[in-house]
Amino acid sequence: MSIGENNLQGLNGGQRLAVKYFVVALALFGAQLLFGLLAGLQYLKPDLLYGVLDFSVNRMVHINAMVVWMLYGFIGSVYWLLEDESGTNVVGLKLGNLAFWVLTAAVGVVVLVYLFVQIGPGTDTTLWLINEGREYIEAPRWADIGIVACVLIFFFNVAATFMKGRWSGIAGVLVLDLVALAGLYLAGMFYTTNVSVDQYWWWWVIHLWVEATWEVLVGCIMAWGLIQTLGAKRRIVQTWLYIEVALMFGSGILGLGHHYFWIGTPEYWLTIGGFFSALEPVPLVAMVVHAVYDAGSHGFRSSNHPALAWLIAHAFGNFFGAGVWGFMHTLPQINLYTHGTQWSASHGHLAFFGAYATINIAVFYIAVQGARGGVWMSAHLPGNGWKWKWALALLNVGVVGMTVALLIAGYEQSFVERAIEGSTWAGYFAGQNHPWFLQAMHWRMIFGWVTLLGFALLVWDLFTIGAGETREARDVHPGEAATA
Amino acid sequence: MSEIPWWAGEGLWRKVAVWVTAGSFVVLIFLTFDSIEAISAGSQRVPAYSVINQQVRYEFDAARNIQKPVIGGGAPLFGQTLDEAEAEALVTLGKKTVQAKNCMNCHTLLGNGAYYAPDLTKAWLDPAWGSETARETLMLGFLMDPTANARTYGTGRRMPKLDITEQEARGVIAFLKWMSSIDTNGFPYNFKSLAQESRS
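Residues numbered from 1 in each chain as written. Chains lettered and ligands numbered in written order. Predicted model: local features only at pLDDT ≥ 70, side-chain atom pairs only at ≥ 80, totals over all residues.

## Details of the overall build of chain A
Alright, step 1. Along the backbone of chain A there are 16 helices and zero strands.
Alright, step 2. Against the 2.2 N^0.38 benchmark of 23 Å for 484 residues, chain A shows a C-alpha radius of gyration of 22 Å, consistent with a compact globule.
Alright, step 3. Burial statistics for chain A: of 484 residues in total, 58% are counted as buried.
Alright, step 4. Here the contacts in chain A between residues at least 6 apart in sequence split such that 80% fall between residues at least 24 apart. (Helix = DSSP H or I, 4+ residues; strand = E, 2+ residues; numbered from the N terminus. Rg over C-alpha atoms; globule rule 2.2 N^0.38 Å. Buried ≥ 20, exposed ≤ 12 C-beta atoms within 10 Å, placed from the backbone. Contact = placed C-beta atoms within 7 Å.)

This is the structure in structure tokens:
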């Protein structure tokens, strides 16, 4: 195998399919940032693209591109590790490739319709063909059905491959988690006029994906990633994985209740939701301890420094973004004031980036290493690896900066609009016009540009790191098989 | 392997993971049955759609120490009393329009959505409409041509023109009136409602 050159033929079938998913994921990551910047600019210049690409359109594409690129990253990550983990070829690879093209074509059509058709009359046809108008799962119903079909193919391939090859702790958790992930999406695929019932099931999809099944999925990727980059012992990472699943589902499933405080649902959710969601940071602390302890106990001698750095960024980002930022406004006594303010946007930015963008980027680096023939990606890279280090720094500083700016705006909004003004429209705008809010929006924009710069550097690095390298990757599994 | 204490064994934690997950999910299923019943249209917390024929107020409840919706006497929307089926059809048109026009990516409904424009939970009761008598006409005009009737409060943010027909606008107003009658456990807190003549 030639070292330091792009050589996809050297990869296994699952990994070649994974690369396709990663390329689209990266493109959608770019789209997420672009439309996020437009939406952010509209806070400062409301006339920008008014009537052409309104805030609602930009914001919808911003959050949808994010959800879809993360799913592409997860699917790609699973295909990447599948043959190594199962010890056999991917079952149904041709079907998997077909599903990739169908899903990608569907995503393309949905985005074009979002951008050029945008809205329709208040009929079922609009909800089926244009836009379902429900935050995060706006995709029209035809696309929902396509998504479920493609996810089922993915699930079949993963389960069948493990059944043909060998099962492991990671495999078992992964397959059961994918059943839940696909099943939960069905809860968001029907229309109801009753907005309380609508939002009840809508949260089943959003919360039980993001705060339960996605967390467990990245737990699996993290476990595999630590074995891969550090040579961590399988018995230890799998035991950790089970502990994390117990804590994650034990807190996250009933933690769903923190979305049921104010949508019409009974008052007992104030107690249940408050209690269990207060426990949600616990597994995330465990993950930080686990990742840092493993990295330290192996003396940071990793086979892939950028990937390990992003895995550590994931552990901390997940803990702070999802855990701490979530906890800060999850108790109902505080949430009464912060619900529906920029507070949620602050939490959303740090949580999605910290928990999910980071770990996908870690796997991108593992994939790049494999695609260049297993090149050296540890210490002493050309230029001391300045590109990956600066990309890591700029992306993290950018997102943390936006998070803090939005947090300030959220505090101001909770205080001025809610506590003082009494939540009327006049109160809302009093909050929006306040200099504290406006300053925060400017700072958010500045850090948005920093994030974009970090992204550009990341893309440049992913396309160049390891090119021309002649050293082979450090062997972190001396004397044992890679997946034993 | 015998050096591993019982509490650190892989097998133990696998069992704990399975039981905790299954147990939590079973509890969630039970609570879901209870909650869905408690929030079905026509329940105490979520009134029937024909509530649009009546006055909706938002008043402080001393026992619960929060504000809650109070359903008053007859106040038919646009002066027309609708039966249950007609009311449901109108609110349904409104809800579908709210989805089809992507309202939730600027506004929040029950506090969920985007933060570029005000929350709509109590839009029907907002003092911005001036008076009970002017409210319906103003809302209708605003929804059908939000550019000409822009309410920016000095932010420069204008709602775009969304080609909402008169019937769709009536539906949206019916939906907003019905939504304002949902018991949201006191959210939004400290809301100062439009002055309404008490009808019981």
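Picking up where we left off.
## A look at the interface of chain B and chain A
Alright, step 1. Counting residues at the interface gives 71 residues for chain B, matched by 67 residues for chain A.
Alright, step 2. Listed by contribution, the elements that provide at least two residues to the side of chain B that touches chain A are α1 (10-38), α2 (84-100), β3 (108-109), β4 (112-113) and α4 (166-179) of chain B.
Alright, step 3. Broken down by element, the residue count for the side of chain B that touches chain A peaks at 14 residues, all from α1(B).
Alright, step 4. For the side of chain B that touches chain A, the class distribution of residues is 37 nonpolar, 20 polar and 14 charged. (Nonpolar A, V, L, I, M, F, W, Y, C, P; charged D, E, K, R; others polar.)

## Overview of unusual backbone geometry
Alright, step 1. Cis geometry is found at the peptide bond from B:F187 to B:P188, where omega equals -5°.
Alright, step 2. Mapped onto the fold, B:P188 is located in the segment after α4.
Alright, step 3. One non-glycine residue, A:H380, adopts positive backbone phi at about 60°.
Alright, step 4. By secondary structure assignment, the location of A:H380 is in the loop between α13 (342-371) and α14 (386-420).
Alright, step 5. By the C-beta count within 10 Å, which is 9 here, A:H380 ends up exposed.
Alright, step 6. With a phi angle near 60°, B:N65 is a residue other than glycine that sits in the positive phi range.
Alright, step 7. Position of B:N65 among the secondary structure elements: in the loop between β1 (54-61) and β2 (66-74).
Alright, step 8. Looking at B:N65, the number of C-beta atoms within 10 Å reads 8, which means it is exposed.

## Details of helix α11 (residues 305-328) of chain A
Residue and element names in this part refer to chain A.
Alright, step 1. The end-to-end C-alpha distance of α11 is 33 Å, a good match for the 34 Å that 24 residues give at a rise of 1.5 Å each.
Alright, step 2. If you look at α11, its biggest bend is around 25°, right at G317.
Alright, step 3. Most of α11 sits out of view: 19 of its 24 residues are buried. (Expected span 1.5 Å × (residues − 1). Bend = angle between axes of the 7 residues up to and from the residue.)

## Topic: the nonpolar core
The nonpolar side chains of a soluble globular protein tend to be buried, and buried together.
Alright, step 1. Counting residues in hydrophobic clusters, the biggest one holds 208 residues, and the most contacted among them are A:Y21, A:C220 and A:A223.
Alright, step 2. Looking at which element gives the most residues to this core, the answer is helix α7 (residues 195-230) of chain A, with 23 residues. (Core = buried A, V, L, I, M, F, W, Y, C linked by C-beta atoms within 7 Å.)

## Quick word on the domain arrangement of chain A
All names here are of chain A.
Alright, step 1. Domains assigned within chain A are domain 1 (12-166), domain 2 (198-296) and domain 3 (302-476).
Alright, step 2. On a C-alpha basis, the centres of domain 1 and domain 3 stand 20 Å from each other.
Alright, step 3. Contact residues are listed per partner, giving 20 residues for domain 1 and 17 residues for domain 3.
Alright, step 4. When contributions to the side of domain 1 that touches domain 3 are tallied by element, the ones reaching two or more residues are α1 (13-44) and α2 (55-86).
Alright, step 5. Classifying every residue of the side of domain 1 that touches domain 3 gives 14 nonpolar, six polar and no charged. (Domains from an automatic or database assignment.)

## Some points on the pairing of β1(B)
Residues and elements named next belong to chain B.
Alright, step 1. Note that β1 and β2 share seven bridges and pair antiparallel. Opposite R57, over in β2, you have V70 as the bridge partner.
Alright, step 2. Counting the residues in the hairpin turn of β1 and β2 gives four residues, including N65, whose phi is positive at 60°. (Pairing = 2+ DSSP bridges.)

## A few points about the packing of helix α6 (residues 169-185) of chain A against helix α8 (residues 234-255) of chain A
Residue and element names in this part refer to chain A.
Alright, step 1. Running from N to C, α6 and α8 point in directions that differ by 25°, and their axes come no closer than 9 Å. As judged from the angle between their axes, α6 and α8 are roughly parallel. Where α6 crosses over α8, the handedness of that crossing is left-handed. Packed against α6, whose contacting residues are G169, I170 and V173, the element α8 presents Q238, L241 and V245 at the interface. (Axes fitted to C-alpha atoms, helices over the stretch in contact; angles between N-to-C directions. Parallel < 35°, antiparallel > 145°, perpendicular 65-115°, else oblique. Left-handed = near helix turned anticlockwise from the far one by under 90°.)

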